[in-house]
Amino acid sequence: MMPTRSYLKLPCLLIVAATLSTALLQLPAASSADASAPAFSAAASPRSGLLTILKHGSPYLDFNYYDWDDNWGGVTREQFSTEARDAVSFNYTTNLPKSKASFTITGGWRQTAPDTFKFNAVLTPETTAPLTMAQFSFAPAPTFRAAGARIIHANGSVTTKDIPFARGSLGDDITQVILTDTSGGKVVFTFDSATQISTDGQARMVLVKDRMEAGKTYPLAFTLTIPGSAKFYPGPDSVPPSNVGWYEFKGQSPIPATSEWTLSSWLESPAGKHGRITRADDKLIYDGHPIKLWGINITYRACSPDKELADRRADFYAAMGINAVRLHKYADGSTWAGIQSKGSSASLDPAELDKMDYFVAALKKRGIYVKLSPVFMMGIGPDDLASVPYASELAEMKGGRIKPAHGCFYVSTELQDLLLKQVTSLLKHTNPYTGLTYAEDPAIAYVETYNEDDALFGGINGILARSPTMRTRTGAKFASWLKNKYESENAFLAAWGDKALNGSFLSNQKLPRNESWSEGRIYPAGNPWFFDPDNLNTSQASIKQRLLDTMTFLYDLQNEVYARYHAGIRATGYSGEMIASNWQAGRAMSHLYNLHSDYLIGTIDRHNYFGHGDSFSFNNTSMVAVPGGGSLSTSLQQVGDRPYMLSEWIHSTPNEWGVEGPAIIGAYGMGLQGWDVSFPFQNEDDGTFSTVIGRSPFNAVAPNFLGIFPAVSRQVLRGDVTESPVVHVRNVNIPSLATGQVGFDEKVSQEHDVKTFDSDVFPAAALAAVRGVVRFTDKFTPTKKFDLAAYTTKDGDILSATKQLRWHPGADSQDGYIVINTPGTQAVVGFTKGQPLTLGNARVQLDSRYAALYLTARDQTGTLATGKAILISAIARARNAGSIVADDAFLFSRGDAKRGKPIGPVIMEPVVATIQFSRPGAPTVYLLDHNGVKTGKTLPVTNGSVKIDTGRDATPYYLVEFK
């Protein structure tokens, strides 16, 4: 279902490599908090009744149902499930639009023994009709890949198939399937009768295929045995209470001036008081000193709030130490999609522009800078059709706009002109609330060219296939480029080979096989899969030179587009920093071409998310489990002499460990790695903490995320964490990429917005220790391999070069922790229950499974050793009251499942910890309310030791004053 505007964050279109997070691929399954608990847990989706099986909280085996009308046509389906003791039943009714026929499926699961489940389903047609298939499928996790699957046939023969399953068939007479995991455990499917199983990634157990006949029934039944006992949750009623003792969060805006943790006075106002932020080498400089922008996103029409909300947001952000806002997609469309006029994508609605003007001025007044990120994908309005005469070739008009897909911006000069007209008109516009044009205003820190796209991402293929105009124009441009390179047709054909021109490769990309050197028509077809070295040297070897040339051409094309746009922006008088785009382009050559293209414009900007999952069985992996993994691994795209920005990131709900995001990005990204800018993603807020978890998967104002900002913002703005020097350099020579020569190998795994990175010469884990960057060189220079051993303790922890940070890897996907130990901030974040940990000025021990516990000097020049006051922040997870979660992995309800109660309020998981201060003086520990104001209550302190319990105290915040 298309999400509402509060949810809207369009995913990318390509999976570059693996589809599971690095944490899941590198780690054993998560261990249960209760060592006596069964190894396996299984739950039935409350909507479909289908089973998901986890091993210690990590994916193990997942079941799905699919059906298709004749010739893979779409269907409509109603489905529901019913919970019973140790069992669940389901009922599906599917309608086939082409034949107007329908069928029902009834069935269910029953746990017949601790390690055994019985499945049965019966399909009953209403009438005879053709259809492609109706089938239940199972998807084995990566743990089964090494051994593959043993297939037992009715005649007793045995075959073996690799996992994941290739497109094809296991056979139509299967009686048993045996899967073996990496620990040797066996999963056995034993079918009641011989069954047909087709494959396409998953194994599809066929109920009916090609045609169903009235009067017949089509059964599927099997017994599933797993290698251990499983706790079975057939529905929400079987889930024991899991939120006992959690307390309601009641933070509100405005944050009072009497708040002990408000940071409003830390932001020098107005923003740009001493002039513009500039770039010097790898740093942003303001008033002669480096500056860090610690920001937040706002999107679509939320960028033009009513004045009261504009002021409320600006006050709230300043109080939280947020000194920059990315106005993203502010002109992506009209109505809810932004401030475009209804007629044209290049003009802005005056009333909405006035509201954005006020918002920008309100932010500036509080010391908050702005990044302009105009669109997600540039559209074409009805008044723009004359300037883009081929617009109907690009997409259909929907909602008053034609929205071309990825890649179009790089081949359509008319689309570039529209965006340039839109952005330059804003930059030339005088904001009546500041008296300056946007180009003149030093509070405008950044202008972004184009969001989440690049010429090497693969979208150009689709545009060329769809648009004859773009195909003709771009084919001619590529042919001209090739003629300039090769000069003669003979040299060209000798380089490309006889299979490269007009081969089946074009047909597979839905392009015509009518290329001609003499007629000047050759298509720059390709995408990151084709460009990948693994494929270039194997399946695509016959067209390798074609693909190498295509990458180089697309790189040149992209540079041309960005240079043109850059010149247009500079012509307005804007002299601030710019970025090109913030997206990926596969790995190796295509990735590095794209990175260098961004480098030529300015700051390197990237996006990365963590913990994507569906609404029932969700990815609840913790980022602390893998040093350098998750969102932090994006830092492998840092370039040595450019600032670095992560302008979209968040732990996507329902992942519950969101508080670790600011902790890791703040300490390791903005600190150790020397990042310059951060913008966690959200679409909108009400100028206060969120009162609901899960209304959007991108919730940057949730209490378990933003609630740690009073501590982390202090750390970032004060510069508590010392940056590592550049210890390792990966050398890249751009001309060498044209021959496929890189010098090292890096992996990019991408599932929509979730990306993980690793390198064979500088592993992602090294990001927990030192700073490593890409350096663009004048000639090919070998890259040395980095040795992490010097930074690894005998216990396996990774100690930073600055000695201020320590990362303890997890034994599983819900384990591990980091320690921050600086003069101004000392913290423990992760799973440390029962472990005494010594910090510089305190000794702490958590009695809670997971938490972010921060001790932070309250004052701007304070330290924990000498400062008068210390802020304690203790935050774990947050849920909605009434939510139903099983085994920290199955979300049966966000909190509104029963009796029609509204969702919310937000409740916080208690954090219990003992803190022993090791500095002179008599501490007094005050309880603060959720806005940081003293409540008048104190905690007993014995010999410098205090025990906090945020559930008992109903607050995550405390203040310690020393006399």
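Placed above this text is the structure.
Cut-off values and rules
- Residues numbered from 1 in each chain as written.
- Predicted model: local features only at pLDDT ≥ 70, side-chain atom pairs only at ≥ 80, totals over all residues.
- Heavy atoms only, no water.
- Helix = DSSP H or I, 4+ residues; strand = E, 2+ residues; numbered from the N terminus.
- Rg over C-alpha atoms; globule rule 2.2 N^0.38 Å.
- Buried < 20%, exposed > 50% of the residue type's maximum accessible area, 1.4 Å probe, protein only.
- Lys, Arg positive; Asp, Glu negative; His and termini not counted.
- Charge placed at Lys NZ, Arg CZ, Asp CG, Glu CD.
- Salt bridge = Lys/Arg side-chain N within 4 Å of Asp/Glu carboxyl O.
- Axes fitted to C-alpha atoms, helices over the stretch in contact; angles between N-to-C directions.
- Parallel < 35°, antiparallel > 145°, perpendicular 65-115°, else oblique.
- Left-handed = near helix turned anticlockwise from the far one by under 90°.
- Contact = heavy atoms within 4.5 Å.
- Pairing = 2+ DSSP bridges.
- Polar contact = N/O pair within 3.5 Å; in protein donor to acceptor, adjacent residues only side chain to side chain.
- Core = buried A, V, L, I, M, F, W, Y, C linked by side-chain atoms within 4.5 Å.
- Right-handed = clockwise from strand over helix to strand, strands pointing away.
- Nonpolar A, V, L, I, M, F, W, Y, C, P; charged D, E, K, R; others polar.
- Phe/Tyr/Trp six-rings, centres within 6.5 Å; stacked < 30°, edge-to-face > 60°.
- Lys NZ or Arg CZ within 6 Å of the ring centre and 35° of its normal.

K.L.:
Help me understand the overall build of the chain in this model?
P.N.:
Along the chain, the regular secondary structure elements total 19 helices and 51 strands. Computed over C-alpha atoms, the radius of gyration of the chain comes to 29 Å, within 12% of the 30 Å expected from 2.2 N^0.38 for 963 residues, which places it in the range of a compact globule. When the 963 residues of the chain are sorted by exposure, 62% land in the buried category. If you average the places of the 91 positive and of the 92 negative side-chain charges in the chain, the two averages end up 2 Å apart.

K.L.:
Can you help me understand the pattern of salt bridges in this one?
P.N.:
Side chains bearing opposite charge may pair, as long as their charged atoms lie close to each other. Tallying each qualifying case throughout the model produces 50 salt bridges. Between R806 and D797 there is a salt bridge, and its shortest N-O distance comes to 2.5 Å. Given the relative accessible area of 24%, R806 is considered partly exposed. For D797, a relative accessible area of 4% gives the class buried. Here the salt bridges share partners, and the residues they tie into one network are E656, R849, R877, R879, D888 and E909.

K.L.:
Hey, could you run me through the packing of helix α2 (residues 307-319) against helix α3 (residues 350-365) in this one?
P.N.:
Between two packed helices, the angle of one axis relative to the other and the distance separating the axes together describe the packing. Two elements in contact, α2 and α3, have axes whose closest approach is 9 Å; the angle formed by their N-to-C orientations is 25°. Relative to α3, α2 is oriented roughly parallel. Both α2 and α3 take part in a crossing whose hand is right-handed. Where α2 abuts α3, its residues K307, A310, D311, R313, A314 and Y317 lie against D354, Y358, F359, A362 and L363.

K.L.:
Before we go on, may I ask you to explain the environment of E489 in this structure?
P.N.:
Structurally, E489 can be placed in helix α9 (residues 489-496). C-alpha of E489 to C-alpha of S518: the two residues are 29 residues apart in sequence and 8.1 Å apart in space.

K.L.:
Where do I start with the sheet that holds strand β15 (residues 247-248) in this structure?
P.N.:
What holds strands together in a sheet is hydrogen bonding between their backbones, with the strands either parallel or antiparallel. Taken together, three strands build an open sheet; the order of strands is β15-β46-β43 and the sheet is antiparallel. The sheet terminates laterally at β15 and β43 (878-880), the two strands that pair on one side only. The pairing of β15 with strand β46 (residues 906-908) spans two bridges and is classified as antiparallel. Bridge pairing in β46 places Y247 opposite M908.

K.L.:
Looking at this structure, how should I read the side chain of R879?
P.N.:
Following the sequence through the fold, R879 ends up in strand β43. Within the structure, R879 has its side chain in polar contact with the side chain of N243 (distance 2.7 Å). A polar contact is formed between the side chain of R879 and the side chain of E656, at a distance of 2.6 Å. Beyond its immediate stretch of four places on either side in the chain, R879 contacts S242, N243, W246, E656, I693, V885, D888, P905, V906 and I907.

K.L.:
Just to check I follow, could you spell out the pairing of strand β38 (residues 825-830) for this structure?
P.N.:
Two faces, one strand: in a regular strand the side chains alternate between the faces of the sheet. Among the six residues in β38, six count as buried, and that is most of the element. One ladder, built from five bridges, connects strand β37 (residues 817-821) with β38; its direction is antiparallel. Directly across from N821, in β38, lies its bridge partner Q826. Between the antiparallel neighbours β37 and β38 lie three residues. Of the pairings in the sheet, the one linking β38 to strand β41 (residues 851-857) comprises six bridges and is antiparallel in character. For A827, the partnering residue across the bridge sits in β41 and is Y854.

K.L.:
What is the right way to read helix α17 (residues 709-718) from this model?
P.N.:
Helical geometry: 3.6 residues make up each α-helical turn, so side chains three or four residues apart lie on a common side. Of all 10 residues that make up α17, nine are buried, and the element is covered over most of its length. Of all the residues in α17, the buried ones are F709, P710, A711, V712, S713, R714, Q715, V716 and R718. One or two steps after α17, the chain reaches G719, where phi turns positive at roughly 70°.

K.L.:
Is there a simple way to think about unusual backbone geometry in this case?
P.N.:
Following S253, the chain continues into P254 via a peptide bond in cis, with omega recorded as 0°. Note the cis peptide between T653 and P654, where omega equals 15°. Despite not being glycine, N71 shows a phi value in the positive range, around 60°. Note on placement: N71 falls in the loop between β3 (58-68) and β4 (76-84). A relative accessible area of 59% means that N71 is categorised as exposed. Phi is positive for K803, close to 65°, though the residue is something other than glycine. Its place among the elements puts K803 in the loop between β35 (798-799) and β36 (805-808). Judged by relative accessible area, which is 58%, K803 ranks as exposed.

K.L.:
What is the right way to read the nonpolar core from this model?
P.N.:
In globular proteins that are soluble, nonpolar side chains generally tend to be buried together. Counting 216 residues, the largest nonpolar core has Y317, L327, L372, Y854 and I915 as the members making the most contacts within it. Looking at this core element by element, the count peaks at 11 residues for helix α13 (residues 544-570). Of all hydrophobic cores here, the second largest spans 52 residues; its members include A121, L179, F222 and L224.

K.L.:
Any chance you could explain the sheet that holds strand β47 (residues 912-917) here in plain terms?
P.N.:
Spatially, the four strands line up as an open sheet ordered β39-β40-β47-β50, and their pairing is antiparallel. Every other strand in the sheet has two partners, leaving β39 (837-838) and β50 (945-949) as the edge strands with one partner each. Two elements, β39 and strand β40 (residues 842-846), share two bridges in a ladder whose sense is antiparallel. Following the sheet pairing, L837 is matched in β40 by V844.

K.L.:
What is the right way to look at the pairing of strand β29 (residues 644-648) in this model?
P.N.:
Here β29 lies mainly inside the structure; five of its five residues are buried. With four bridges connecting them, strand β28 (residues 604-607) and β29 associate as parallel partners. Across the sheet, residue I604 finds its bridge partner in β29, namely Y644. Following the backbone out of β29, through helix α15 (residues 660-672) and into the adjacent parallel strand β30 (residues 677-678), one traces a crossover that is right-handed.

K.L.:
Sorry if this is basic, but what is going on with the environment of T449 here?
P.N.:
With respect to the helices and strands, the residue T449 is situated in the loop between β26 (444-448) and α7 (459-466). Residues T449 and P234, 215 residues apart in the sequence, show an inter-C-alpha distance of 50 Å. Among residues more than four places away in sequence, those in contact with T449 are F409, L419, Y562, Y565, M578, I579 and A580. Of note is the side chain of T449, whose polar atom sits 2.9 Å from the backbone oxygen of I579.

K.L.:
Is there a simple way to explain the packing of α7 against helix α8 (residues 468-486) in this structure?
P.N.:
It is at 5 Å that the axes of α7 and α8 come closest, and there the two elements cross at 115°. Counting all contacts with α7, which are made through I463, L464, A465 and R466, the residues of α8 involved are P468, M470, R471 and T474. For the contact of α7 with α8, the residue count by class is five nonpolar, one polar and two charged.

K.L.:
For this particular structure, what's the right way to read the environment of T739?
P.N.:
Mapped onto the elements of the fold, T739 is located in the loop between α18 (734-737) and β32 (746-751). Since its relative accessible area comes to 55%, T739 is described here as exposed. On a C-alpha basis, the gap between T739 and L548 in space is 6.9 Å, while along the polypeptide they are 191 residues apart. One polar contact links the side chain of T739 to the main-chain carbonyl oxygen of S736, over a distance of 2.9 Å.

K.L.:
Sorry if this is basic, but what is going on with the packing of aromatic side chains here?
P.N.:
The relation between two aromatic rings is expressed through the spacing of the ring centres and the mutual angle of the planes. Summed over the entire model, instances satisfying the criterion amount to 62 aromatic pairs. Measuring from centroid to centroid gives 6.0 Å for Y66 and W68, while their planes differ by 15°, and the two rings are stacked. The class of Y66 is partly exposed, set by a relative accessible area of 32%. Judged by centre distance (6.4 Å) and plane angle (15°), the ring pair of F189 and F191 falls under stacked. A single burial state applies to F189 and to F191, both of which are buried. Among the aromatic residues, ring-to-ring pairing joins F63, Y65, F90, Y92, W109, F119, F136, F138, F165, F189, F191 and F222 into one connected group. The cationic tip of R642 hangs over the ring face of Y599; the distance from NZ or CZ to the ring centre is 3.8 Å.

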